[in-house]
Structure formats: C-alpha cells, structure tokens
Amino acid sequence: MTKLTSVSKNILGGIALSVALATSALAAGVEINASSTGLAMQGYDPVAYFTAGEPTKGLYTLTSQHDDATYWFASEENKALFDKNPEAYLPAYGGYCAFGAAMGFKFDGDPELWKIVDNTLYLNLAPEIQERWNADIPGFIEKADANWGDIASAEPAALLK
C-alpha cells in the first residue's frame, strides 16, 4: 500500500466517522417522525405546501434544524420563511399520520398525502387512510389533538401493544 493510499483511507475513515457521529447526534426524538439520521418529512420542503401548493422535494444543500430534526428546502426563500417561523410550517403531530394520531397511534405520514386545514399541514399514511380522514376532518383533528398529549413522547411501537 502506498503512503498516499494509506493517508486517503485514513481521511475517508475520519470523514465517515464524523458523519456517523454527527447524524446520530442530530436524530430527532420520538415526537418527530424522522429517519434515524434526523431527516424529517422524507426530505420534502414543509414550506412548499403553503407557497407552491404541492409536495416538493427539498435539496440536501438547503437545510435547517428544528427540534433536533433536519428539514430540507426547495429554495432559499422557503428556508428563510421556515427559519423565521418554523411553527407555521411544521406538520401536525410531528409529521405522523393525522388519522393514526386520532386513533391513538403513530404511523408514518406520507408527504405525498397531505392537506392544509386552518393553516396547519396534516399528513396521512396511505390513500385509503386519507380517504377515511377526509370523511370527518374536524372530528379526527379534535380526537388527534386530544390524543397527542398522551402519545407524543411514546415510541410508535409501544402504542401498538
């Protein structure tokens, strides 16, 4: 092995270790539906629902941290709006399925299955679930709001027992 190859491997190893430590340190808590690296909303831009009126993938180069979760943005303007007032753009129930929260569970929210109600973004798990949620949105929001205080800090799997 040449000296250059050995140095390159050491540098790459150091970078990999740094990334692993950084991403594990950034992982969000159970109240946010995020990946093990802390990426929320599967990389979709939370502001775009309000500005573009549709789900829009963010860029990994435009990020903000909020409550130990990482959010991606499609534009500098969206990032600036989020940074100014994140609470205005965050999905309800930490990005978990709104119908699931109404039932007392925490299931993944699909960023492609969404609805804005009274300036709040709601996500759902699957098309059939969203269809059921659409049948009584105010009632399900009321139930989910009532349940969220009890389930927010619970591990999703613990709620299935």
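For the structure, check the block above.
Residues numbered from 1 in each chain as written. Predicted model: local features only at pLDDT ≥ 70, side-chain atom pairs only at ≥ 80, totals over all residues. Heavy atoms only, no water.

Draft legend 1. Here's a closer look at the packing of aromatic side chains. Scanning all chains against the criterion turns up 10 aromatic pairs. Seen from their ring centres, Y49 and W114 are 5.2 Å apart, and the 65° between their planes marks the pair as edge-to-face. Placement of the pair is Y49 in helix α2 (residues 48–51) and W114 in strand β3 (residues 110–117), with a sequence separation of 65 residues. Between F99 and F140, the ring centres sit 5.0 Å apart and the planes meet at 70°, which makes this aromatic pair edge-to-face. Here F140 lies in helix α6 (residues 137–151) and F99 lies in helix α4 (residues 98–102), a separation of 41 residues in the sequence. Taken as a pair, F99 and F140 share a single burial class, namely buried. Three or more aromatic residues joined by ring pairs form one cluster here, namely Y93, Y96, Y122, W133 and W148. (Phe/Tyr/Trp six-rings, centres within 6.5 Å; stacked < 30°, edge-to-face > 60°. Helix = DSSP H or I, 4+ residues; strand = E, 2+ residues; numbered from the N terminus. Buried < 20%, exposed > 50% of the residue type's maximum accessible area, 1.4 Å probe, protein only.)

Draft legend 2. The arrangement of the nonpolar core in detail. By size, the foremost hydrophobic cluster in this structure holds 22 residues, and its most contacted members are Y93, Y122, W133, I141 and W148. Of all the elements in the fold, those that place two or more residues in this core are α4, α5 (127–134) and α6. Ranked by residues supplied to this core, first place goes to α6 with six residues. In this structure W148 touches E31, Y93, G94, Y96, A101 and K106, once residues within four positions along its chain are discounted. Counting 16 residues, the second largest nonpolar core, distinct from the first, contains A40, Y49, F73 and L123. (Core = buried A, V, L, I, M, F, W, Y, C linked by side-chain atoms within 4.5 Å. Contact = heavy atoms within 4.5 Å.)

Draft legend 3. Inspection of the layout of surface pockets at higher detail. Of the voids in this model, the largest pocket is the one considered here, and its volume is about 240 Å³. Considering the residues around the largest pocket, the lining is formed by 17 residues, among which E87, L90, P91, Y93 and G94 are closest to the centre. Here the lining of the largest pocket is built from residues that sort into nine nonpolar, five polar and three charged. (1 Å grid on protein atoms, 1.4 Å probe; cavity = no way out; pocket = protein on both sides within 12 Å on 5 of 7 lines; lining within 4 Å. Points joined across faces, edges and corners; volume = space filled by probe spheres on them. Nonpolar A, V, L, I, M, F, W, Y, C, P; charged D, E, K, R; others polar.)

Draft legend 4. Quick peek at the pairing of β3. Both β3 and strand β4 (residues 120–124) contribute to a ladder of five bridges, which runs antiparallel. Looking at the pairing, W114 lines up with L123 of β4. Hairpin remark: β3 followed by β4, antiparallel, with two residues in the connecting loop; positive phi at D118, about 50°. (Pairing = 2+ DSSP bridges.)

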